[in-house]
Amino acid sequence: MKKKWWRLLLVLGCLTFLAGCWDKRELTDLAIVNAVGVDKLENGKFRNTFQIINPGNVAGNQQGGAQTSGIPITVYTVSGRNMLDAARLGSKNVSRQIYYAHANLVVIGEDLAREGLMELFDVMERDPQFRTTSSIVIAENTTAEDLLKMLTPIDKLPANKITKTLKFTEKALGENMDVSVDDVIRDMVSPGKEPVISGFKIVGNSEAGKGQANLQTTEAVARLQAGGMAIFKEGKLTRWLHGKNARGVLWVQNKVQQTPVNINWKNHKKPLAFFVIRGKSIIKSKLEKNKPVIKVHIEAEGDIREADIPIDLTNPNIIFQLEKLAEKEIKKEIMATIKKIQKEKTDVFGFGDVIHRTSPKVWKQLKNDWNDVGFPELKVDVDVDAFIRRTGLRNNPYITEVNN
């Protein structure tokens, strides 16, 4: 009998910890935020932009990929003294509880980014709803509000278009990368690393891009496009990097997965394309005469994807020459980027962090003026090892047979 009573008491005790649905939220009571934008007004107030999903216009009602339903998002803009104030004032405009748990994108206006990001992220870290794994981008040459009001023709949700574009262009081109809020916070508090964030811009008529007509033409009047890479110093945007300079940053940061590298051959300019299918970067630090030196080793493995001149790609000696030319081209690109950023006096590569880990005593002497003195004078050696795995689905280009 005693055992039975103890079992009963144990069950009753467990029931007290089963809270049931005390904190339930009905879907019909939630305004699900898909993206958040932040700008700063001239009066010093923050302007928050919420991209909220219209559930009835997103689910179903698609025929053959065509968007036959209404506008999939609603955008609300609210201003406040600080981030939290603006977020709470948003409840005056929405008939539901603003819910951030599904927000996967944060957009920062360029003017605010140039003024500084230091005071933005504290509220995001403290809010139990907000995910610091959300992607973050800078609205290049525009505001976060305008960027989030754009409608996109393929992806119903514009925020999804931005995050997916970042992932695919990072993998296929290597000139942009997906950065999370958590990454930016970690870089800002690190004494040897400054943030670098991808930009997104509006191409075309931005006003026309806010209407449903932008979804009803074969060529959108306005579209969202990945822009350059924004580099920061002490939390403030200092300049934009585009093209090869942006890719140079990703090479060093071990973010290049796939990318094309054009190669000169004799008197021909860029007739060959070496497509990297696997890239790897290793950064090491050592001391030379009590001064730190950074060694960057790049491994690039890939294929020949284009050959517009007569060339014997079955000849091992020629393949060896092409590998050396690819190494030269990649090294040239990386060194040009490093020198450009050293002039900006902001260590976005994380060289200071490497020195901190390998030579803490030396770093203690350098850290106070690292960006302004140590980093610009830092010696950086780049070594590239390229390997051509194959030449594609054919050996020699057909132009060789035509000329013969």
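Relevant structure appears above.
So, here is what we can say about the structure in this document. These figures come from a predicted structure and were not determined experimentally.

Conventions used here
Residues numbered from 1 in each chain as written. Predicted model: local features only at pLDDT ≥ 70, side-chain atom pairs only at ≥ 80, totals over all residues. Heavy atoms only, no water. Buried < 20%, exposed > 50% of the residue type's maximum accessible area, 1.4 Å probe, protein only. Helix = DSSP H or I, 4+ residues; strand = E, 2+ residues; numbered from the N terminus. Arc of directions from axis to C-beta. Contact = heavy atoms within 4.5 Å. Pairing = 2+ DSSP bridges. Axes fitted to C-alpha atoms, helices over the stretch in contact; angles between N-to-C directions. 1 Å grid on protein atoms, 1.4 Å probe; cavity = no way out; pocket = protein on both sides within 12 Å on 5 of 7 lines; lining within 4 Å. Points joined across faces, edges and corners; volume = space filled by probe spheres on them. Polar contact = N/O pair within 3.5 Å; in protein donor to acceptor, adjacent residues only side chain to side chain.

### Observations regarding helix H8 (residues 181–189)
Line of reasoning, step 1. Restricting attention to buried positions, one finds in H8 the residues Val-181, Val-184, Ile-185, Asp-187 and Met-188. Taken down its axis, H8 places every buried residue within 165° of arc, on the same side.
Line of reasoning, step 2. Lining the buried residues of H8 we find strand E7 (105–109), helix H5 (122–126), strand E8 (135–139) and strand E9 (196–204).

### Notes on unusual backbone geometry
Line of reasoning, step 1. Although it is not a glycine, Asn-254 adopts a positive phi angle of roughly 60°.
Line of reasoning, step 2. Positionally, Asn-254 belongs in the loop between helix H9 (243–252) and strand E12 (259–265).
Line of reasoning, step 3. In this structure Asn-254 comes out as partly exposed when scored by relative accessible area, which is 40%.

### Quick look at the sheet that holds E12
Line of reasoning, step 1. Taking strand neighbours across the sheet as the criterion, the 4 strands line up as E12-E13-E14-E15 in an open arrangement whose pairing is mixed. The two strands at the open ends of the sheet, each matched to only one other strand, are E12 and strand E15 (379–390). Pairwise comparison of adjacent strand axes, ignoring direction, gives a mean angle of 40° for this sheet.
Line of reasoning, step 2. Pairing geometry for strand E14 (residues 291–307) and E15, over 11 bridges, is parallel. Bridging from a neighbouring strand, Asp-303 pairs with Arg-390 of E15.
Line of reasoning, step 3. Packing against the sheet, H9 makes contact with E12, strand E13 (268–288) and E14, and its axis sits at approximately 45° to E13.

### Structural notes on empty space enclosed by the protein
Line of reasoning, step 1. If you walk through the whole model with that rule in mind, you get 1 cavity of 30 Å³ or more.
Line of reasoning, step 2. What lines the largest cavity is simply Val-36, Asn-48, Met-83, Leu-84, Ala-87, Arg-88, Tyr-100, Val-123, Met-124, Asp-127 and Phe-130.
Line of reasoning, step 3. Taken together, the elements giving at least two residues each to the lining of the largest cavity come down to helix H3 (83–89) and H5.
Line of reasoning, step 4. The element contributing the most residues to the lining of the largest cavity is H3, with 4 residues.

### Digging into the side chain of Ser-198
Line of reasoning, step 1. Secondary-structure assignment places Ser-198 in strand E9.
Line of reasoning, step 2. At 2.8 Å, the side chain of Ser-198 forms a polar contact with the backbone oxygen of Met-177.
Line of reasoning, step 3. Ignoring any residue separated from it by four or fewer positions in sequence, one finds Ser-198 in contact with Ile-136, Val-137, Ile-138, Leu-166, Asn-176, Met-177, Gly-228 and Met-229.

### As for the side chain of Glu-110
Line of reasoning, step 1. Among the structural elements, Glu-110 can be located in helix H4 (residues 110–115).
Line of reasoning, step 2. The class of Glu-110 is buried, set by a relative accessible area of 7%.
Line of reasoning, step 3. Within polar-contact distance, the side chain of Glu-110 engages the backbone nitrogen of Asn-141 at 2.5 Å.
Line of reasoning, step 4. Look past the residues within four positions of Glu-110 in its chain and what remains in contact with it is Ile-138, Ala-139, Glu-140, Asn-141, Thr-142 and Trp-240.

### Section: the environment of Gly-80
Line of reasoning, step 1. With respect to the secondary-structure elements, Gly-80 resides in strand E5 (residues 73–80).
Line of reasoning, step 2. With relative accessibility at 2%, the residue Gly-80 sits in the buried group.
Line of reasoning, step 3. Once the C-alpha coordinates of Gly-80 and Phe-46 are considered, the two residues, 34 residues apart in sequence, prove to be 5.4 Å apart.
Line of reasoning, step 4. With sequence-adjacent residues up to four places away left out, Gly-80 is seen in contact with Lys-45, Phe-46, Asp-85, Ala-86 and Leu-89.

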